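# Chains, contacts and geometry: an overview
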Amino acid sequence: MSTEPPGRAGLRQGSGRWGDRIFEFLAVAAGATIIGAIALMGLFLLIRAMPSLQANKANFFLTDEFNTTDANNLRFGISELFQVTVLSSIFALVIAVPIAIGIAAFLTNYAPRRFAKPFAMLVDLLAAVPSIVFGLWGIFVLAPRLDPVARFLNDNLGWFFLFADGNVSLAGGGTIFTAGIVLAVMILPIITSVTREVFTLTPKGHVEAAQALGATKWEVIRMTVFPYGRSGMIAGSMLGLGRALGETVAVLIILRAAAQAGHWSLFDGGYTFASKIASAAAEFSAPLPTGAYIAAGFVLFALTFVVNALARLAAGGRVSGG
Amino acid sequence: MTLTTLDAAVKGPTFHPISLSRKIKNHLAAVLFLVSFLIALVPLVWVLYTVLARGFRAITSPTWWMNSLYGVLPEEFAGGVYHAIYGSLVQAAIAAAFSVPLGIMVGVYLVEYGRGWLARVTTFMVDILAGVPSIVAALFIFAAWITTLGFQQSAFAVALALVLLMLPLVVRSTEEMLKLVPDELREASYALGVPKWKTIVRVVIPTALPGMISGILLALARVLGETAPVLILVGYSTAINFDIFEGNMASLPLLIYTELKNPEAAGGMRVWGAALTLILIVALLYVLAALVNRFLTRNRTKTR
């Protein structure tokens, strides 16, 4: 981006040389700090999780119980957490991605030019609402409204595993169904903004070529904007997935604890990785039980790391998710 | 050949009217795109309306902004959230004090110096850091600062976790703004014999400053609403606590989360009042960011 200053041969060698060196050192050190922070994050979580993992009497990946009350008989596993986390995130993604693509197409191709920017800011405002407020709204306002929908789906499509009877009561709406819809709202802005960005980059020539062939507006979008923006759609979805996987407090407020393990139903309750850790925060005193939660945190860290790396890969480099 | 042959077109018209099915599809797509935009506005308006309607009564109480909840019974309609506002702002301010200089330096590194593998790894890690869930950042601070180094739970620990969450936002906005600075400005400065570091500090950064400040304000707004770090790294307190290194400290999200367990009507009032207060503070920061962007940028172009 920047141009290099010319060689300074023959010029007065002032404070600039030392200043340059010190400043460059500071800049490089700052960059290295970021790398160090991520490395330390993985390292510390792993170190603190290790003793508990060794003391674990159950299989960490396959057990659905999470019992840390007796430090001498730790039995914890992530299978249930994984199921709830993945189901709620994927459900959120299934709702949010088509809507986000629709919004992006609307903002880039349909909205009057003058309003495109304010409209886009309106969608971005959704990202400004704190997640705890979404949680409050989700459980106190949205959940009662969703109740008839949930009951209808459960009554009529109950034979399908997603809509089967869950392990918590439908009343109150503390289910993955509600949580997933709230998560969809929360990840909508990031998917939209990444998708919108690539849609605006569609080469004008492609669009004009399609128009010259007599394509309707929809056909132009289908033949030029969508294929060109596919990488952005995938990257945006991945970023949204990463957000949904790690969302803590909204899910914690909404989901109701369940007595038994779930069976991949949207009407299950339970805990995600993040909400499980947050729910136990008050009990973080004894090292071994705490380590169990840190182990779950490490898995979440690894999961989001992979998802975000994939997002970057899909975008072919830098993704700018605000 | 007579002229009559030219009375009619030799060939039929090349343009066919658009078939009905294509027309329908075209209109259907337009409607669906519009509807998806409107769908996105529904939760926004709905959430804001809910919070406003339910929290309005609480924040108009005279004690809301000036009092804490110290000594206030759960069922009492009294007290305020002054202690939580203080906590939220202080924690965010400490986080900013660390992440702003560091984030700006990272941005400068990536735009002005970044070459080779180190820069590539750094941008990658900034992206990863931006995607780290807040609960993981909090857990990391818990594992490193509290368990390993032996410090107490405190507001400062929360601030450390917020640094991690704020850093990528600051880096991104700095980077974006520095890239907008025209190369001609740098070249002019170099031509005058100004060393590179002075060029960056005196020419490049001042030019990008309004955008950077508004980016920082938006980042602040983002971390103010973070709940996960305060759940893990500090305890709740109904009284004001000025000490950032010791003792419990309330913050707006923590107050909301704590009062959720209060079954009394007053608890509900505090929950929605605090939610509205939080949204008002975030909105204030957004407005401030927009003003900075508009007015400082305009002045700059005038003087140039």
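Scoring rules and cut-offs
- Residues numbered from 1 in each chain as written.
- Chains lettered and ligands numbered in written order.
- Predicted model: local features only at pLDDT ≥ 70, side-chain atom pairs only at ≥ 80, totals over all residues.
- Helix = DSSP H or I, 4+ residues; strand = E, 2+ residues; numbered from the N terminus.
- Buried ≥ 20, exposed ≤ 12 C-beta atoms within 10 Å, placed from the backbone.
- Contact = placed C-beta atoms within 7 Å.
- Rg over C-alpha atoms; globule rule 2.2 N^0.38 Å.
- Nonpolar A, V, L, I, M, F, W, Y, C, P; charged D, E, K, R; others polar.
- Core = buried A, V, L, I, M, F, W, Y, C linked by C-beta atoms within 7 Å.
- Axes fitted to C-alpha atoms, helices over the stretch in contact; angles between N-to-C directions.
- Parallel < 35°, antiparallel > 145°, perpendicular 65-115°, else oblique.
- Left-handed = near helix turned anticlockwise from the far one by under 90°.
- pLDDT = per-residue confidence, 0-100.
- Expected span 1.5 Å × (residues − 1).

## Re the overall build of chain A
Along chain A, the regular secondary structure elements total 11 helices and 2 strands. Along the longest, intermediate and shortest principal axes, the C-alpha atoms of chain A span 75 × 60 × 30 Å. Split into buried and exposed, the 322 residues of chain A put 49% on the buried side. The contacts in chain A between residues at least 6 apart in sequence include a share of 76% that link residues at least 24 apart.

## Notes on the overall build of chain B
Within chain B, the secondary structure is distributed over 10 helices and 0 strands. Starting at the N terminus and ending at the C terminus, chain B contains elements arranged as α-α-α-α-α-α-α-α-α-α. The C-alpha radius of gyration computed for chain B amounts to 28 Å, which surpasses the reference 19 Å derived for 304 residues by more than 25%, pointing to a less compact arrangement than a globule. Projected onto the principal axes, the alpha-carbon positions of chain B cover approximately 110 × 65 × 40 Å. Look at the contacts in chain B between residues 6 or more apart in sequence, and 75% of them connect residues 24 or more apart.

## Notes on the environment of B:Ala143
Structurally, B:Ala143 can be placed in helix 4 (residues 134-148). If near-sequence neighbours (up to four positions away) are discounted, B:Ala143 is found in contact with A:Phe44, A:Leu45, A:Arg48, A:Ile294 and B:Thr148.

## Here we look at the interface of chain B and chain A
Counting residues at the interface gives 81 residues for chain B and 77 residues for chain A. With 18 residues, the top contributor of residues to the side of chain B that touches chain A is helix 1 (residues 20-59) of chain B. Per-class residue counts for the side of chain B that touches chain A are 58 nonpolar, 12 polar and 11 charged.

## Focus on the nonpolar core
In terms of nonpolar packing, the biggest core is built from 196 residues, with A:Val133, B:Leu139, B:Ile141, B:Ala161, B:Met166 and B:Ala275 touching the most fellow members. Considering every element that reaches this core, the biggest residue donor is helix 5 (residues 155-180) of chain B, with 18 residues. When residues no more than four places from it in sequence are discounted, the contact partners of B:Ala161 are B:Ala137, B:Ala138, B:Ile141, B:Pro229 and B:Leu233.

## As for the packing of helix 2 (residues 82-113) of chain B against helix 5 of chain B
Residues and elements named next belong to chain B. Put simply, helix 2 and helix 5 touch, their axes get as near as 6 Å, and they point 40 degrees apart. As the angle between them shows, helix 2 and helix 5 are arranged oblique. Here the hand of the crossing between helix 2 and helix 5 comes out right-handed. A per-class count over the contact of helix 2 with helix 5 returns 24 nonpolar, 6 polar and 2 charged.

## Brief notes about the confidence of the model for chain B
Across chain B, the average pLDDT comes to 90, with 95% of residues at or above 70. Overall fold confidence (pTM) sits at 0.91, and the ipTM for the predicted complex is 0.90.

## Section: the environment of B:Ser214
Residue and element names in this part refer to chain B. Turning to its location among the elements, Ser-214 is positioned in helix 7 (residues 196-224). Counting along the chain gives 78 residues from Ser-214 to Val-292, while the straight-line C-alpha distance between them is 6.2 Å. The contacts of Ser-214, once residues within four sequence positions are left out, are Ala-289, Val-292 and Asn-293.

## Overview of the packing of helix 11 (residues 287-315) of chain A against helix 3 (residues 116-131) of chain B
Between helix 11 of chain A and helix 3 of chain B, whose axes approach to 9 Å, the crossing angle comes to 130 degrees. Considered as vectors, helix 11 of chain A and helix 3 of chain B are oriented oblique to each other. Crossing handedness for the pair helix 11 of chain A and helix 3 of chain B: right-handed. Note on element contacts: helix 3 of chain B touches helix 11 of chain A through B:Phe124, B:Asp127, B:Ile128 and B:Gly131, opposite A:Thr304, A:Phe305, A:Asn308, A:Ala309 and A:Arg312. In terms of residue class, the contact of helix 11 of chain A with helix 3 of chain B is made up of 4 nonpolar, 3 polar and 2 charged.

## Concerning helix 7 (residues 217-228) of chain A
Under the 1.5 Å per step criterion, the end-to-end length of helix 7 of chain A is 16 Å for 12 residues, consistent within 8% with the ideal 16 Å. Contacts from the buried residues of helix 7 of chain A go to helix 2 (79-110), helix 5 (176-200) and helix 6 (204-212) of chain A together with helix 1 of chain B.

## What to know about unusual backbone geometry
Positive phi, close to 55 degrees, is recorded for A:Trp264, a residue that is not glycine. Inspection of the secondary structure puts A:Trp264 in the loop between helix 9 (249-254) and helix 10 (273-279).

## Focus: the environment of A:Gly229
All names here are of chain A. Looking at the element boundaries, Gly-229 is found in the loop between helix 7 and helix 8 (230-246). Look at Gly-229 and you get buried, because 26 C-beta atoms sit within 10 Å. Once the C-alpha coordinates of Gly-229 and Thr-200 are considered, the two residues, 29 residues apart in sequence, prove to be 8.9 Å apart.

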